[in-house]
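Below, each chain spelled out in residue letters.
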Amino acid sequence: MPVTSGDTEKQVVFIDTPGHEAFTAMRARGAQVTDIVVLVVAADDGVMPQTRESISHAKAAGVPIIVALNKIDKPEATDANIQKILGQLAEEGLNPVDWGGETEVVRTSAIEGKGVQELLESLDLQAELLELTADFDGAARGTVIEARPEEGRGNVANILIQDGELKVGDFIVIGRAFG
């Protein structure tokens, strides 16, 4: 999806891995194929077991983490509660920049749109520091994010293309399967 950071438009791919316990494997795969993890923590809930699990997956994959502290528009998002959540993050090894650490914690409200631009700018800065670029030369290479049977279509896969270019009519090979 195109996003604007400063006066430049860039392409960014977001993989949303739901926080529900049933999606553990998807979160693990997501951490392995991503360049930067945006860890969404609700300001009215704090660090939950699935949050800890996501942090563990990101650390195991060696992927940098930016925290989006969401729902700051809710009455429960008091300064005291936010400080408590920052403490919970620090306990997990994500010491916030506000506390002199290295983890960016961007306060956001998805409903009001607050902090979204700041989050995109943090992602852009991190991408520049990591020198992340896309290579569109050659055959496509990617990772299956999820697969499922669809009535009338057969097996369908959502794939993240990491290198090269996939064109209409190209063959896809996944293990012993192809199409």
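Values in this document were obtained by computation on a predicted structure and should not be read as measured data.

**Student:** Would you mind showing me how to read unusual backbone geometry here?
**Tutor:** Of all residues except glycine, most have a negative phi; of all peptide bonds, most are trans. Its identity is not glycine, yet K71 carries a phi of approximately 70°, on the positive side. Considering the arrangement of structural elements, one finds K71 in the loop between strand 4 (65-70) and helix 3 (79-91). The class for K71 is partly exposed, based on a relative accessible area of 33%.

**Student:** What should I look at first to understand the nonpolar core in this one?
**Tutor:** When a protein is soluble and globular, its nonpolar side chains tend to lie buried together. Judged by nonpolar contacts, the single largest core of 18 residues is most densely connected at L39, V41, I65, V67, L69, L89 and L94. For this core, the secondary-structure elements that each account for two or more residues are strand 3 (37-42), helix 2 (49-61), strand 4 and helix 3. Of the residues forming this core, the biggest block, 4 residues, is contributed by helix 3. For I65, the contacting residues outside a window of four places in its chain are V37, L39, I55, A58, L94 and T103.

**Student:** Would you mind going over helix 3 with me for this structure?
**Tutor:** It helps to recall that an α-helix has 3.6 residues per turn; residues three or four apart then point in one direction. Helix length check: helix 3, at 13 residues, gives a terminal C-alpha distance of 18 Å against a target of 18 Å (1.5 Å per residue), a fit within 8%. Residues N81, I82, I85, L86, G87, Q88 and L89 constitute the buried set of helix 3. Following helix 3 by one or two positions, G93 has its phi on the positive side, about 90°.

**Student:** I tried to follow the pattern of salt bridges on my own but got confused; where do I start?
**Tutor:** As a working rule, side chains carrying opposite charge can pair if their charged atoms are close by. Considering all chains together, one arrives at 7 salt bridges under this definition. Across the salt bridge formed by R52 and E92, the nearest N and O atoms sit 3.0 Å from each other. Of this pair, R52 sits in helix 2 while E92 sits in the loop between helix 3 and strand 5 (105-107), placing them 40 residues apart in sequence. Classification of R52 as partly exposed rests on a relative accessible area of 34%. Of the charged contacts, one joins R153 and E150 as a salt bridge, the two residues approaching to 3.1 Å between their closest N and O atoms. Take E150: its relative accessible area is 25%, and that puts it in the partly exposed class.

**Student:** I keep staring at the sheet that holds strand 5 and nothing clicks. Help me out?
**Tutor:** In any sheet, the strands associate via hydrogen bonds between backbone groups, in a parallel or an antiparallel arrangement. Read across the open sheet, the 3 strands follow the order 3-4-5; overall the sheet is parallel. Of all strands in the sheet, those bounded by a partner on one side alone are strand 3 and strand 5. Pairs of neighbouring strands in the sheet enclose a mean axial angle of 25°, with direction left out of account. Sheet analysis places strand 3 next to strand 4, joined by 6 bridges and oriented parallel. If you follow V41 over to strand 4, its bridge partner there is L69. Docked against the sheet, helix 2 engages strand 3 and strand 4, running at close to 165° with respect to strand 3.

**Student:** Would you explain the side chain of N70 in this entry?
**Tutor:** Mapped onto the secondary structure, N70 falls in strand 4. In this structure N70 comes out as buried when scored by relative accessible area, which is 13%. Contacts of N70, omitting those with residues within four sequence positions, involve V40, V41, A42, A43, T108, S109 and A110.

What counts, and where the lines are drawn
- Residues numbered from 1 in each chain as written.
- Predicted model: local features only at pLDDT ≥ 70, side-chain atom pairs only at ≥ 80, totals over all residues.
- Heavy atoms only, no water.
- Helix = DSSP H or I, 4+ residues; strand = E, 2+ residues; numbered from the N terminus.
- Buried < 20%, exposed > 50% of the residue type's maximum accessible area, 1.4 Å probe, protein only.
- Core = buried A, V, L, I, M, F, W, Y, C linked by side-chain atoms within 4.5 Å.
- Contact = heavy atoms within 4.5 Å.
- Expected span 1.5 Å × (residues − 1).
- Salt bridge = Lys/Arg side-chain N within 4 Å of Asp/Glu carboxyl O.
- Pairing = 2+ DSSP bridges.
- Axes fitted to C-alpha atoms, helices over the stretch in contact; angles between N-to-C directions.

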